[in-house]
Amino acid sequence: MSLLRRLRAMARVEIRHLVGAPARSALIAALIALPVAALAGASTLLGIVVRTTPERVHQNLGRADLRVAGAPARVQRALTQLPDGARIESLALSPEYLEVRGLKLAAALAAGQIDGLAAGILRITDGRAPRGADEVALSPVLIDVAGIQLGDRVRLATDGRDATVVGTVIDPERTTRAVIATVSTDAPVTGATTYLVALPPLADPAATAATLRDAGAQVLTATEVGDTLGLEQQLLFVLGGLGFVEAALVVAAAFAVGLRRRQREVGMLAATGAGREDVVGAILVSAGMIAIAGSLLGVAVGVGAAGLLYPYLDGWTGRLVGPFEVSPIALLAAMSMGVLTAVLAAAWPARTAARLPIRVALSGRRPPPQPSGSWVLLGVVLVALGFGLIVVARYAIGTTALLATLGGAVLGVFGCGACSPWLLEQMACVASRLPLPWRLAVRDAGRFRSRNGPVVTAILAGMALSVTVAAALASIGEGDGGWTTLRDDQLRVNGPAAAEAGRRIAAALPVEARAPLRAAYLEGEPIRARVVGSQEHGWVAIGDAGLLDTLGATVAEPTTDGQIAAVALDAFGADAELVTRDWRIFATATAVDRRADVAVPGLAFVLAETELTRHGLTAGPAPGSSSASWLLRLAGPLTKPQLERARSIATELAGTSVDAGLLHRSAPRLMYSIGLLLSLVTGLLVLGVATALTAVESRNDQVILATVGAAPSLSRAHAAARAGYLGLLGCLLAVPAGLLPAFGIMTSVASVTFVVPWTEIVVTALLLPAVAYLGAWCLTRPARWARPA
């Protein structure tokens, strides 16, 4: 018989087997569909959210070829070097207050041709762009708060003129930003002014940019905006690959169980002339057919879920995302990984089944189990290698540190998983004192450890993600700044009436210190400071003992005579450089350590107000703020009632608001909850497949129990105990497997102190076993004992 005819004959046998066991095939297809759906959906959403190179150029340069910024005098000198025929348009940004219907709302005033070269940096979404000095376009947040309609008249407080609202404008990168767009302004510009330049057709942008830089200007060209390197996509597929590894472990166990049941059939095929390669090829074809069906289902589910989430992306990201589009390459990659996972997972069980001697296969006897001692030795070695990679990551940088951390995570998961057969065997030896359902579950798991070991490994791989996320968030929360913009005992008041609101809040709450939060500016640009010889830097606040006390400095003294207080960097006695936006050093100062638990974003130094004149500086709003703000420190951690009291006081003053660390605590908890939910669903699916396969495998054992008088309800208790036991063991092993990569990420990539989140670990370790036990108890019916299979 030719090779092709033999393969066709074996394929028919496998197809009949698939049709005869649809539930098993459906479970394996669903297991493949899960990571495919996750990868297809995540890659689709990532492709929408991550900006392409043309989108990045359009959002940074609009329709211009160059974007020029810097000190006004230098920029004006540099612009004279442009070639003839160049078109120049200015875009000035400065703080402004909108007065309408008794309200005074803080906003950023953008003065320039919004529908000219700046089109794309700001977008008109309704109406039209302003065409004269008496017309403005407002952002949706201003229109909604003030109840404005197109055609209404508003007043610009700083500019001192009335204007008609003719359109709606939006910042594509910050859709919630309050923006007022106009053609020009008569008020002095206190913010930043950039110049957009469209070059003549034959001009060279790179050469022109070099000329402007030589004249002292800061220049951004289209080629310098930066291309998307695909790092997000690469990281997504690396992490998604872990999900496929998790699925492969259970798929391999499923095929091992199926081939164990078909051992006699395989022996008969070999006895009638089928070669080992025929048996292996037919099984791989069967695995491929199941995987193709599961991959198609996964792609449909993943893209469909992305389509349902797409309308909400603008609100979740706070920016305008791209159009809904699907990458055929990403979907094909996800499907290929699904098919490859199933085929590789089935290869080893198929090879093992095909290598059995015909006499042994026909006898139906189970091969003797492999000793588990070698597995635990392998597990210890893998965990040690994983920890070694984590240590290497601490001393590496960039991509090397990331890859070392991921490699350490993978080795840690496989190392802990490799120990599971030994643990299953040892637990079976001490199960005599357990209740009957648990005793049967523990001993069955130990007897069939080659099947249950991969199941435990798959569970720990999924739940380790929750442990990693929880540990990372706890560590970040304990670090400087954390996920909050303020400390637990601080309030920040923003708006034109911040001083008055701060005074009222201080009278109503136990406030120990308060001070204005202002930044040092040089020629309209906020300055930064860095320690000599270090890359760490931050913006410089202007203040005295009151500000240092509000920040929580250990010693609250003013800094004068060429000194600068380092409140967020270890810089005692070192020299600090005051630098401009383009890193030009214009002054030096001696850093005096006033160490504080600072959580204000980017703040690192405080300069005494008496030093402003010495360095030719001015004071202005903190970077990222369009108006003045005050910082308040309470006698203890801020409570929710106190926060609500402060908010009610702030709302009495138009355009004033409060910010607090309590307002920024939901993001980490949400991320942990999402990670835990995904891990829980994955773990329950794995347990469902394992429970279904084990129920088939142990059918004869259940018949024996019925023969000796066991109650039918014992099957329900047995199934629940089996699911809970495997889930508990997997979750316990997930704790060290999850803490290992979290330690590496926090100490190397993020450079923060590692914190163990004991509460989240307990929740992670107990939630899945409890849900699995209850789910198996509710879904398993008391068995009606049948004849042995």
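What you see is a predicted model, and the numbers here were worked out from it, not measured in a lab.

So what's going on with the overall build of the protein? Residues and values would help.
Broken down by element type, the protein carries 25 helices and 22 strands. By the burial criterion, 48% of the 789 residues in the protein qualify as buried. Within the protein, counting contacts between residues at least 6 apart in sequence, those at least 24 apart form 83% of the total. Accessible area for the protein stands at about 36100 Å²; split by element, carbon and sulfur atoms hold 61% of it.

Mind laying out the pattern of salt bridges, listing which residues take part and the relevant values?
Across all of its chains, the model carries eight salt bridges by this definition. Its salt-bridge partner being Glu89, residue Arg87 comes within 2.6 Å of it at the nearest N-O pair. The class for Arg87 is partly exposed, based on a relative accessible area of 43%. Here Glu644 makes a salt bridge to Arg647, at a shortest N to O gap of 3.8 Å. Taken together, the residues span about one helical turn, with Glu644 and Arg647 both in helix H21 (residues 640-651) at a distance of three residues. The structure contains a network of salt bridges with shared partners spanning Glu500, Arg503 and Arg504.

Describe in detail the side chain of Ser43, supporting the description with residues and values.
In this structure, Ser43 sits in helix H2 (residues 22-49). The exposure class assigned to Ser43 is buried, which follows from its relative accessible area of 12%.

Residue-level account of the environment of Gln642, with values.
Mapped onto the fold, Gln642 is located in helix H21. Among residues more than four places away in sequence, those in contact with Gln642 are Leu509, Pro510, Leu634 and Pro637.

Break down helix H4 (residues 72-79) for me, with residues and values.
Regarding H4, the residues found buried are Val75, Ala78 and Leu79. Considered in projection along H4, the buried side chains sweep an arc of 95° and stay on one side of the axis.

Tell me about the side chain of Thr182, and please be specific about residues and values.
By the secondary structure assignment, Thr182 is in strand S8 (residues 179-182). When its relative accessible area of 0% is taken as the criterion, Thr182 is described as buried. A distance of 3.3 Å separates polar atoms of two side chains, one belonging to Thr182 and the other to Arg161.

Which residues make up the state of the cysteines, and what values go with them?
What the rule picks out here adds up to zero disulfides. Among the cysteines around Cys419, which has no disulfide bond, Cys416 carries the closest sulfur, lying 6.4 Å off. The buried category is assigned to Cys419, whose relative accessible area is 14%.

Give me the confidence of the model for the protein: which residues, what numbers.
Mean pLDDT over the protein works out to 76, with 72% of the residues at or above the 70 mark. Within the protein, the element-level pLDDT minimum falls on helix H1 (residues 3-20), averaging 60, and the maximum on strand S5 (residues 135-138), averaging 92. Predicted confidence is poor over residues 479-484, with pLDDT under 50, and the contacts of this stretch with residues over four places away or in other chains come to 17 contacts. Within the model, the stretch residues 785-789 combines pLDDT values under 50 with 15 contacts to residues more than four positions away or in other chains.

Calculation notes
Residues numbered from 1 in each chain as written. Predicted model: local features only at pLDDT ≥ 70, side-chain atom pairs only at ≥ 80, totals over all residues. Heavy atoms only, no water. Helix = DSSP H or I, 4+ residues; strand = E, 2+ residues; numbered from the N terminus. Buried < 20%, exposed > 50% of the residue type's maximum accessible area, 1.4 Å probe, protein only. Contact = heavy atoms within 4.5 Å. Areas by Shrake-Rupley, 256 points an atom, 1.4 Å probe, with all protein chains shown as cover. Salt bridge = Lys/Arg side-chain N within 4 Å of Asp/Glu carboxyl O. Arc of directions from axis to C-beta. Polar contact = N/O pair within 3.5 Å; in protein donor to acceptor, adjacent residues only side chain to side chain. Disulfide = S-S within 2.5 Å. pLDDT = per-residue confidence, 0-100.

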